[in-house]
Amino acid sequence: LTNTVIIISLSRSRLLQKMSVRGIAPSIFKSLGNEKEINKDTNPINAIIGVGLITFLSTFIKEGAIETLASLTNIFILISFFMVNALVIVFYFKKKTLDEVEKQKISDTKIPQLKGMPWYSVIGVIMSITYLLKYPKLDIGNKSI
């Protein structure tokens, strides 16, 4: 559980930092800590603190807020899985360059079992849609999602 919380808070803080760089979020989240020692491993400290505070304060909204947040996270993960699998299928049918066609021919001769349609993505799209349709409805305020 702790590992999941750390991964989620770091990924969301990086997303918040990138949104701030592009002007979507407040500019206070642009900073990556010590500007003299910026490298690939630098974490956006202001964004981490901001995500932590927002998450902490959102638990006081109403009773059952944590369950609602967990359910929303699950729904967004299923939507993400659907999007990734759907984009793999779209990329398969996209018009390919000559170099991409040549790489696909080489791949088809090395691993003939995977030749053709990306069946794993079709199964992923079907499963994601099924789980989204079967997921229990959420009650947020007076609205049901």
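Residues numbered from 1 in each chain as written. Predicted model: local features only at pLDDT ≥ 70, side-chain atom pairs only at ≥ 80, totals over all residues. Heavy atoms only, no water.

Undergrad: Give a description of the confidence of the model for the protein chain that names residues and reports values.
TA: A residue-level look at the protein chain finds 79% of positions with pLDDT of 70 or above and a mean pLDDT of 77. The spread of mean pLDDT over the elements of the protein chain runs between strand β2 (residues 143–144), the lowest at 55, and helix α5 (residues 119–134), the highest at 90. (pLDDT = per-residue confidence, 0-100. Helix = DSSP H or I, 4+ residues; strand = E, 2+ residues; numbered from the N terminus.)

Undergrad: Any details on helix α2 (residues 45–58)? Residues and values, ideally.
TA: The end-to-end C-alpha distance of α2 is 20 Å, a good match for the 20 Å that 14 residues give at a rise of 1.5 Å each. Residues A47, G50, V51 and S58 constitute the buried set of α2. One side of α2 holds all its buried residues, which, seen down the axis, span an arc of 95 degrees. (Expected span 1.5 Å × (residues − 1). Buried < 20%, exposed > 50% of the residue type's maximum accessible area, 1.4 Å probe, protein only. Arc of directions from axis to C-beta.)

Undergrad: I'd love a proper account of the packing of aromatic side chains, names of residues and values included.
TA: Centre distance and the angle of the planes are the two values used to describe a pair of aromatic rings. Per the counting criterion, the structure on display carries two aromatic pairs. Pairing Y92 with F93 gives two aromatic rings, centres 5.1 Å apart and planes at 80 degrees, and the pair type is edge-to-face. Assessed through its relative accessible area of 24%, Y92 is described here as partly exposed. A relative accessible area of 57% means that F93 is categorised as exposed. Between W119 and Y120, the ring centres sit 5.8 Å apart and the planes meet at 75 degrees, which makes this aromatic pair edge-to-face. (Phe/Tyr/Trp six-rings, centres within 6.5 Å; stacked < 30°, edge-to-face > 60°.)

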